[in-house]
Amino acid sequence: MKGTTKNGDNAIRKSKLGGKIVVITGASSGIGRQTAIELLDKGARTIILVARTESKLLELKQVLEARNGSLDLDIVNYSCDVSIKDDVIKMGTGIVEKFGHVDLLINNAGFGEFGKVQDQRIEQIENVMRTNYLGMVYCTKVFLSHMVDRHSGHIVNVASLAASFGVAGMAGYCASKYAMLGFSESLNHELHGTGVKITVVSPIGVKTNFFRNQSFDNHKPNYTGFMLDVRTVTKAILAASNSRRFEIIVPFYMRAGVWLKHTFPFVINPITGTLFRRQLRKPD
Ligand SMILES: NC(=O)c1ccc[n+]([C@@H]2O[C@H](COP(=O)([O-])OP(=O)(O)OC[C@H]3O[C@@H](n4cnc5c(N)ncnc54)[C@H](OP(=O)(O)O)[C@@H]3O)[C@@H](O)[C@H]2O)c1
């Protein structure tokens, strides 16, 4: 547990996140949960935690409050399904009414469903798109005008390397992350000169609850050796929140993989296709 000393308070006030109002979606687990903890450690004092599971948000709020050990902390839980537009509007309106604006929005809520397109129900593909892509759009829309009016703010969208590589068995998920990347790139151009920034963080596989989704049963990734520790990704998200870069790929050397894929797709696509098809063939 950390207490905050007088010197610590001064350091926090001077830190880039000191006094900032931060909203993070998907805060109840994995990357979002750890990001909230590190935001606190880096000086954020108003942290708004968004996810559907209220009990997990409450537990995290208690962890953050105990970790901080001082009274100047405002942790707010919002139980909200980001795939439901009206709920996001209600949440966003409530946040703006209470705090006036948001400085940093981290669109992190998301999930994946494993399975061949021909075997999946259309509703599974719709749900992934509604959460991962539209959820990000709803959250962005609800805070964007306030950011532009204040000429200040940063949006960090947690995409994936699946925004650059089509993965067999993950078509709906890849589509949602490709869509997120495309939307973010267009918005980045629109925001030029407004004082508002957007950065996409695109990690490869990360050790979280992501693969506990029932659809992954018997199809858990066999590339466990390459899976990132969650802290590697949260470090990138924190760097993103204060970066002028548009996309941060984690680990950084995978940028070479993306370049190779775009430059020599006829070489790379057959290789990735073979690798990922092996996953599909695993016995049920
Ligand atoms: N793990 C990986 O390998 C990996 C790799 C690249 C990118 N990512 C991306 O990283 C992000 C975080 O995933 P994670 O790995 O940390 O997985 P995780 O541990 O399963 O966490 C997912 C989070 O998203 C929330 N969420 C899911 N659906 C939601 C909805 N409809 N409304 C609100 N919140 C919702 C979950 O909370 P509730 O269930 O409580 O709502 C949970 O807090 C996702 O966008 C994922 O696509 C993950």
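Since this is a predicted model, take the numbers as computed values, not measurements. (Residues numbered from 1 in each chain as written. Predicted model: local features only at pLDDT ≥ 70, side-chain atom pairs only at ≥ 80, totals over all residues.)

### What about the overall build of the chain?
Each helix and strand in the chain was counted, giving nine helices and seven strands. Compactness check: the chain gives a C-alpha radius of gyration of 19 Å against a globular reference of 19 Å for 284 residues, within 12% of the reference. Referenced to the eigenvectors of the C-alpha coordinate spread, the extents of the chain come out at roughly 55 × 40 × 35 Å. Each of the 284 residues in the chain was classed as buried or not, and the buried ones make up 38%. The contacts in the chain between residues at least 6 apart in sequence include a share of 73% that link residues at least 24 apart. (Helix = DSSP H or I, 4+ residues; strand = E, 2+ residues; numbered from the N terminus. Rg over C-alpha atoms; globule rule 2.2 N^0.38 Å. Buried ≥ 20, exposed ≤ 12 C-beta atoms within 10 Å, placed from the backbone. Contact = placed C-beta atoms within 7 Å.)

### Here we look at the nonpolar core
Across soluble globular proteins, you tend to see nonpolar side chains buried next to one another. Judged by nonpolar contacts, the single largest core of 68 residues is most densely connected at Ile47, Leu49, Val50 and Val201. Among the elements that line this core, the one with the most residues is helix H5 (residues 122–150), at nine residues. What Ile47 contacts, discounting residues up to four positions off in sequence, is Val22, Ile24, Ala36, Leu39, Leu40, Leu64 and Ile75. (Core = buried A, V, L, I, M, F, W, Y, C linked by C-beta atoms within 7 Å.)

### Observations concerning the confidence of the model for the chain
Averaged over all residues, the pLDDT of the chain equals 91, while 91% of them reach at least 70. The model gives residues 1–8 a pLDDT under 50, and that stretch makes ten contacts with residues more than four places away or in other chains. (pLDDT = per-residue confidence, 0-100.)

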